[in-house]
Amino acid sequence: MSLRIVVTGTSTGIGKSVFCAGLADLIGANYWKPIQAGLDEETDSQLVAKLGGLSPDRIVPEVYRLRTPASPHHAAELDGIRIDIDSLNLPDIGDRPLVIEGAGGLMVPLDGGTLYVDIFERWRLPVVLCASTALGTINHSLLSIEALRRRQIPILGVAFIGDQNAETENAICEIGGVRWLGRLPLLSPLTSKRLKVAFKSAFHPRRFETMKQRKTSPIWHPFTQHALEGKMSKVVRGDGAYLHTADGRRIIDAISSWWVVTHGHCHPPIVRAIQEQAGKLDQIIFAGYTHDPAEEVAARLLRLAPRGLDYVFFSDSGSASVEVAIKMALGYWHHSRKERTRIVVMQHSYHGDTVGAMSVGARGVFNAAYGPLLFDVTSIPFPAKGRERETLNALASACQNERPAAFIVEPLILGAGGMLMYPSWVLREMKRICEVSDILFIADEIMTGWGRTGTLFACEHANVTPDIVCYSKGITGGALPLAVTLCREEIFEAHYSSDRTRTFFHSSSYTANPVACAAAKANLELWEVPETRGRVTSVAAMQEEAIEPFRADTRFENVRRTGTITALDLKVDDAGYLAGIGPKLYSFFKDRNLLLRPLGNTIYVMPPYCVTAADLDEIYAGIRDAADAVDGLCVSGG
């Protein structure tokens, strides 16, 4: 599709049409004013044609020509007509670029309930915001930028019109996190020739060809589309279930900062352990050397983990832990002289963002760009309610017919795949199938571990011991990055040899970092006292009480809970991770000072265990209000 740009302004009368004339001339575009209000004098289309030197075939006819120069909804009312919103469709003009001019500002009403910005949201085209440099423009400009961002409308930048005012222009672009496109001076007399010269001097065509925003920080954030998201919220302090921002807001961390914080932010025993260890030993190569924090963490882990796991391999992230598990499984069969290399996985699963971890995760938006790097796997269906037997039969068939090396699964809850939950008896049966078939069973407890499912580890619900298990996230209470992969003795023994080629060739520079291990040791000590598990039980009960009313709310479906995690799906037509409602929900929650990060139309709550009933009331009130705010985008219940 050819380049199409929407031009709007902070208010009427600031020079949008003059800007459109200069822009259309600069980039060789056609011009379209969908709604013209006022016919007694020169129309905007006529002005643009004259100033931009556009031939008649480059002026797209207006959809509505209203006699009175007034707000479109009022002008239409005076003409005895009603603007049909569905008639405002983008014209087909071939390959030539198109400049589209709105009327007045973003919040100009078109009919009883539709604003011009709602049409821009439907079009999803990049917007240039024209702003005056005069007094009062900062407020109007930032409100306009906020309105565009709330609707996830891409902003090309701000074009200023008027005398130079560097302070105002910089303030708008820095605070708003948008690009400065240039400044068009006021021209008197205003002629086509003078506009052409001034516009070419003020603006370069390339500025209108990219969607990259003005860089306010050199940081590239994870899982963030910077072209759509505004300025990052700067957090300066955390305590308990709360985050405190630089601008004085207190945010409830309803998802434990991506599922890692367990006892609360800056939990005193863990902070003290970090401080003490940092003054003793900060880092040491872990090949050929060891240290007390690592030894103590390993010993305590084996006491707490399901019985039958014997060895602990340290790494520094959940993805790395999964990579280690896969390599352990392949190494086991390779050194056992049985060449088994295929991995069986579950539909909708997510195991991380490194190549191996992506390979054993669901193929989709997370890894589509990296397909050539990924190895083939066998996928079995998710055990949806009433279809569990299909999953078990598929696993049994794969184990029998393909003789794979291992089966990897997230026990009880598939996290990033949509907080999908299945019962413990299915987990137990999957482990039994693997045992009978002599297939290694890998449990990815990166997210489900550390109390999230109501027990310390999810596998406890099914009373199973994996052959290999991955733990991370909450292992340090969320204070520092650390991960471990635990395995049975026979997997270690397969690599144990005087033959150096059988060495387990894996490491990271910060393997078993002493400071991170000290944090993990303090965390493990907390899990050995009954009060910690009591708090988990209490949070699970509060979560059930909070989620119960939503089961009768017809706007939601699949309302569910496992342990301390709840999830519910808003009914929409485009369900899934890329559901259009997802960014709107996220923006709504952010404005309510709630850290909730929906997975598309799936909203989930996974708080730290220090969360209070009042906190949960605030969280679920926000979810209820969010559904009210976006109700028109949801599928009607009934």
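About the thresholds
- Residues numbered from 1 in each chain as written.
- Predicted model: local features only at pLDDT ≥ 70, side-chain atom pairs only at ≥ 80, totals over all residues.
- Heavy atoms only, no water.
- Domains from an automatic or database assignment.
- Contact = heavy atoms within 4.5 Å.
- Buried area = accessible area lost by both parts, 1.4 Å probe.
- Polar contact = N/O pair within 3.5 Å; in protein donor to acceptor, adjacent residues only side chain to side chain.
- Nonpolar A, V, L, I, M, F, W, Y, C, P; charged D, E, K, R; others polar.
- Helix = DSSP H or I, 4+ residues; strand = E, 2+ residues; numbered from the N terminus.
- Expected span 1.5 Å × (residues − 1).
- Buried < 20%, exposed > 50% of the residue type's maximum accessible area, 1.4 Å probe, protein only.
- Pairing = 2+ DSSP bridges.
- Axes fitted to C-alpha atoms, helices over the stretch in contact; angles between N-to-C directions.
- Phe/Tyr/Trp six-rings, centres within 6.5 Å; stacked < 30°, edge-to-face > 60°.
- Patch = residues over 30% accessible without salt bridge, like charges linked within 9 Å, V, L, I, M, F, W, Y side chains within 5 Å.
- Areas by Shrake-Rupley, 256 points an atom, 1.4 Å probe, with all protein chains shown as cover.
- Salt bridge = Lys/Arg side-chain N within 4 Å of Asp/Glu carboxyl O.
- Lys, Arg positive; Asp, Glu negative; His and termini not counted.
- Charge placed at Lys NZ, Arg CZ, Asp CG, Glu CD.

Colleague: What is the right way to look at the domain arrangement of the protein chain in this model?
Modeller: A common way to state how big an interface is: give the accessible area lost once the parts meet. If you check the domain split of the protein chain, you get domain 1 (4-208), domain 2 (308-509) and domain 3 (532-636). Distance between the C-alpha centres of domain 2 and domain 3: 28 Å. Each side of the interface is counted separately: domain 2 has 15 residues, and domain 3 has 17 residues. Between domain 2 and domain 3, the buried area comes to about 1,400 Å², and carbon and sulfur atoms account for 68% of it. Broken down residue by residue, the surface that domain 2 buries against domain 3 is led by Met419, Met421 and Arg452, which jointly contribute 45%. At the surface where domain 2 touches domain 3, the tally comes to seven residue pairs in polar contact (both at pLDDT 80 or more). Split by residue class, the side of domain 2 that touches domain 3 holds nine nonpolar, five polar and one charged.

Colleague: I would appreciate a short explanation of the environment of Gly576 in the present structure.
Modeller: Counting through the fold element by element, Gly576 comes out in the loop between strand S23 (565-570) and helix H19 (581-591). C-alpha of Gly576 to C-alpha of Glu167: the two residues are 409 residues apart in sequence and 44 Å apart in space. Contacts of Gly576, omitting those with residues within four sequence positions, involve Leu599, Gly600 and Asn601.

Colleague: Would you mind going over helix H11 (residues 318-335) with me for this structure?
Modeller: Along an α-helix, a turn takes 3.6 residues, which lines up residues three or four apart on a common side. Here H11 spans 25 Å end to end across 18 residues, near enough to the 26 Å set by a 1.5 Å rise per residue. Of all 18 residues making up H11, 15 are buried, and the element is well covered by its neighbours. Following H11 by one or two positions, Arg337 adopts a phi angle in the positive range, close to 65 degrees.

Colleague: Mind showing me how you'd approach the sheet that holds strand S8 (residues 155-161) here?
Modeller: Strands belonging to one sheet form pairs held by backbone hydrogen bonds; the direction of such a pair is parallel or antiparallel. Judged by pairing direction, the sheet is parallel, and its seven strands sit side by side in the order S4-S2-S6-S1-S7-S8-S9 without closing on themselves. In the strand order of this sheet, the two ends are held by strand S4 (59-60) and strand S9 (180-184), each with one partner. With two bridges joining them, strand S2 (residues 30-32) and S4 adopt parallel strand pairing. Counterpart to Trp32 in the pairing with S4 is Val60. Running over the sheet, helix H4 (residues 116-123) touches strand S1 (4-9), S2 and strand S6 (98-101) and is turned about 160 degrees from S1. Packing against the sheet, helix H5 (residues 137-150) makes contact with strand S7 (127-132) and S8, and its axis sits at approximately 165 degrees to S7.

Colleague: Honestly, the packing of aromatic side chains in this entry has me stumped. Any pointers?
Modeller: Two aromatic rings are characterised by how far apart their centres lie and by the angle between their planes. Counting across every chain of the model gives 27 aromatic pairs. Ring centres of Trp450 and Tyr471 lie 6.0 Å apart, and the angle between their planes is 65 degrees; on these two criteria the pair is classed as edge-to-face. Here Tyr471 lies in strand S20 (residues 468-471) and Trp450 lies in the loop between strand S19 (440-444) and helix H15 (459-462), a separation of 21 residues in the sequence. Judged by its relative accessible area of 0%, Trp450 falls in the buried class. A relative accessible area of 0% places Tyr471 in the buried class. Between Phe457 and Tyr471, the ring centres sit 4.2 Å apart and the planes meet at 20 degrees, which makes this aromatic pair stacked. Taken together, the positions of Phe457 in the loop between S19 and H15 and Tyr471 in strand S20 put the pair 14 residues apart, joining distant regions of the chain.

Colleague: Help me understand a negative patch on the surface, please; the structure alone is not making it clear to me.
Modeller: There is a patch of like negative charges on the surface, built from Asp310, Glu489, Glu490 and Glu493. Counting through the fold element by element, Asp310 comes out in the loop between helix H10 (292-304) and strand S13 (311-315).

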